[in-house]
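Structural description and commentary
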Amino acid sequence: MTEPRIIIVSNRLPVTVSHAGGSIDVKPSSGGLVTAMRAVVSDYHASWIGWTGTDGEVKREWLAPAAAGINCDLFPVVLTPEQVAKFYFGFSNEIIWPLFHDLQSSCNFDPSYWNTYVDVNETYADVVSEVAQPEDIIWVHDYHLALVASSLRRRGIRSRIAFFQHIPFPSLDIFSKLPWRKQVLEALLEHDLIGFQTPRDSRNFVQCCRALTTVKAARDGEAFYMHRPGQRSNVVTEPIGIDFEEFANHAASTGVLQETHLLRAALPGMRIVLGVDRLDYTKGIPERLRAFENLLENHPELHRTVVLVQIVVPSREDVPRYRALRVEIEQLVSRINGRFTHTGWVPIHFVYRSLERAQLVAHYRAADVALVTPLKDGMNLVAKEFCAAQVDCTGVLVLSEFAGAASQMKEALLVNPNDIQGVAESLHLALMLDPRERRRRMQRLRRTVRRENVHRWSESFLAQLQPYLTNRKLQPIGQPEDPDRLVIAV
Ligand code: GDG
């Protein structure tokens, strides 16, 4: 029997198309989900369905050059300008993204967004039903597409469908604010398998289901079995990883080593603190800049010895809130630099663009400290990439306790990103840590990141679909062997 094909369904394809000034530009997409999935598609016989980021025309043959090295067939979803406005910028970016990152006061619960969200999920389901064969495994990614499985089930599609949520799942009191809370949960429960980044996200989801739907939940270890007559799904925690070997080998390559020397030579005698983020208000960039300012304020002995290199990758630039964030960051950088710069020393180096991969890895390798301080984050791959690139084990990771990565990376210096003084003190500690302690911590972190890599993640997640038969509604299996082991979920 041939291996089943995996149909990946995500908001964006790994290539982005733009129609600028009459010409067509096609380039690789950025962001954590795409980075992770790009690494695993070649492990499978896979196809990938998603939007290309444009409301203009898209031809499949345009995608191939930018998709070089991505070993799967790409199927673009076409959206109208109104759908892009209300589904992507509206429902996804103005409701789910802030709500699921605990920022409910930033949500705009516009009812017309929901109607478009339903329509666009139908559009994705149209493409899936054209592409998928009954024996294929359909793997839906993230909050943009919560309703795709229920649409497929209504069409009578009984294939195995898995869902992985890359961002956090909020607690019941926050999730309950969503006007369409019941519909979203009911639709998610149509998947055979639902995966989250951390045990807390899984528990939050299960608690919401128990409070807001009729489903019964039982627990077996870290997994939950959600059931009601004729329907069941498994909820599992599966923290996403990175392609450790690829990052580590790249970091050890001659090209990256040369780039690393150039970077260090450009900042002679300086210790380098590094921040790398997509432009997003969840990443805690202004708070981080204030923490660095606090460090310089309270430790004048560090002046002329340390720099913060903050790389910000442009993202969602059409959204006013993101434009305002960029201005806020630029003003803070300018104010702090204005306050502390001396001849020959500019404390903050701000880079507002996407770097080439080799440049990014050279920054990871050159850094003495990585300051990864999101206010809330599903996982945060930057924390893991930094460790993989630290082939000399000399760097220290300062990590927000609200990043999903914190549940695995205990040897980092964990901080509360809202505690400006606390982050400044941890940064000071990181800079003072003796080399043996740095090495000890980094070696352990690297061991974890190597073991819990992205290939293991997808393998272990998809393996949990195996207990299901194709026709799940008629013959639900995958029951825990011993029902006495079950305890009722939190
Ligand atoms: C979502 C969740 C979760 C960054 N700067 C450059 C660059 N990057 C790449 C990094 C990394 C990716 O972007 C960012 O990934 P994150 O995980 O930090 O964040 P999100 O995009 O918000 O991703 C997140 C993730 O999904 C996966 O599940 O971890 O919590 O929010 O891979 O390397 N890449 C290049 N140049 C840059 O300047 N080439």
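Up top is the structure.
Presented here is a report on the structure given in the accompanying data block. (Residues numbered from 1 in each chain as written. Predicted model: local features only at pLDDT ≥ 70, side-chain atom pairs only at ≥ 80, totals over all residues. Heavy atoms only, no water.)

On to the overall build of the protein chain, then. Helix and strand counts for the protein chain stand at 17 helices and 18 strands. For 490 residues, the compact-globule formula gives about 23 Å, and the C-alpha radius of gyration of the protein chain, at 23 Å, lands near that figure. Each principal axis of the C-alpha atoms in the protein chain carries an extent, and together these give about 75 × 60 × 45 Å. Here the protein chain, with 490 residues, has 59% of them falling under the buried criterion. Look at the contacts in the protein chain between residues 6 or more apart in sequence, and 77% of them connect residues 24 or more apart. Looking at the protein chain as shown, the accessible area adds up to about 19700 Å², and 51% of this sits on carbon and sulfur atoms. Mean positive and mean negative side-chain charge positions of the protein chain (55 and 56 charges, respectively) differ by 3 Å. (Helix = DSSP H or I, 4+ residues; strand = E, 2+ residues; numbered from the N terminus. Rg over C-alpha atoms; globule rule 2.2 N^0.38 Å. Buried < 20%, exposed > 50% of the residue type's maximum accessible area, 1.4 Å probe, protein only. Contact = heavy atoms within 4.5 Å. Areas by Shrake-Rupley, 256 points an atom, 1.4 Å probe, with all protein chains shown as cover. Lys, Arg positive; Asp, Glu negative; His and termini not counted. Charge placed at Lys NZ, Arg CZ, Asp CG, Glu CD.)

The strand order β14-β13-β12-β15-β16-β17 describes an open sheet built from six strands, whose pairing is parallel. Where the open sheet ends on each side, the last strands, each with one partner, are β14 (348–352) and β17 (413–415). Neighbour-to-neighbour, the strand axes of this sheet turn through a mean angle of 20 degrees, independent of strand direction. Of the pairings in the sheet, the one linking strand β16 (residues 396–400) to β17 comprises three bridges and is parallel in character. When the bridges of β17 are listed, S400 appears paired with V415. (Pairing = 2+ DSSP bridges. Axes fitted to C-alpha atoms, helices over the stretch in contact; angles between N-to-C directions.)

Right, let's get into the side chain of R316. For R316, the position within the fold is in the loop between β13 (306–313) and α12 (320–340). Only 3.4 Å separates the side chain of R316 from the side chain of N93, close enough to count as a polar contact. Filtering out sequence-adjacent residues up to four positions away, R316 remains in contact with Y88, N93, W97, Y143, R278, D280 and Y322. (Polar contact = N/O pair within 3.5 Å; in protein donor to acceptor, adjacent residues only side chain to side chain.)

Attention now moves to the side chain of N294. Here N294 is to be found in helix α11 (residues 285–298). Sequence-distant contacts of N294, defined by excluding residues within four places in its chain, comprise I420, Q421 and A424.

Take the packing of α11 against α12 next. Contact geometry of α11 with α12 gives a least axis separation of 10 Å together with a crossing angle of 10 degrees. Between α11 and α12, the angle is such that the two are roughly parallel. Along the contact surface, α11 presents I285, P286, L289, R290, E293, L296 and E297, while α12 presents L325, E328, I329, L332, V333, R335, I336, R339 and F340. Of the residues in the contact of α11 with α12, the class split is ten nonpolar, no polar and six charged. (Parallel < 35°, antiparallel > 145°, perpendicular 65-115°, else oblique. Nonpolar A, V, L, I, M, F, W, Y, C, P; charged D, E, K, R; others polar.)

Right, let's talk about the nonpolar core for a bit. Formed by 176 residues in total, the largest nonpolar core has its most connected members in Y124, F205, L397 and L399. Counting contributing residues, this core receives three or more from each of domain 1 (6–240 + 461–478) and domain 2 (244–451). Residues within four places of L399 in sequence aside, it is in contact with V372, A383, A405, A406, M409, A412, L413, L414 and V415. (Core = buried A, V, L, I, M, F, W, Y, C linked by side-chain atoms within 4.5 Å. Domains from an automatic or database assignment.)

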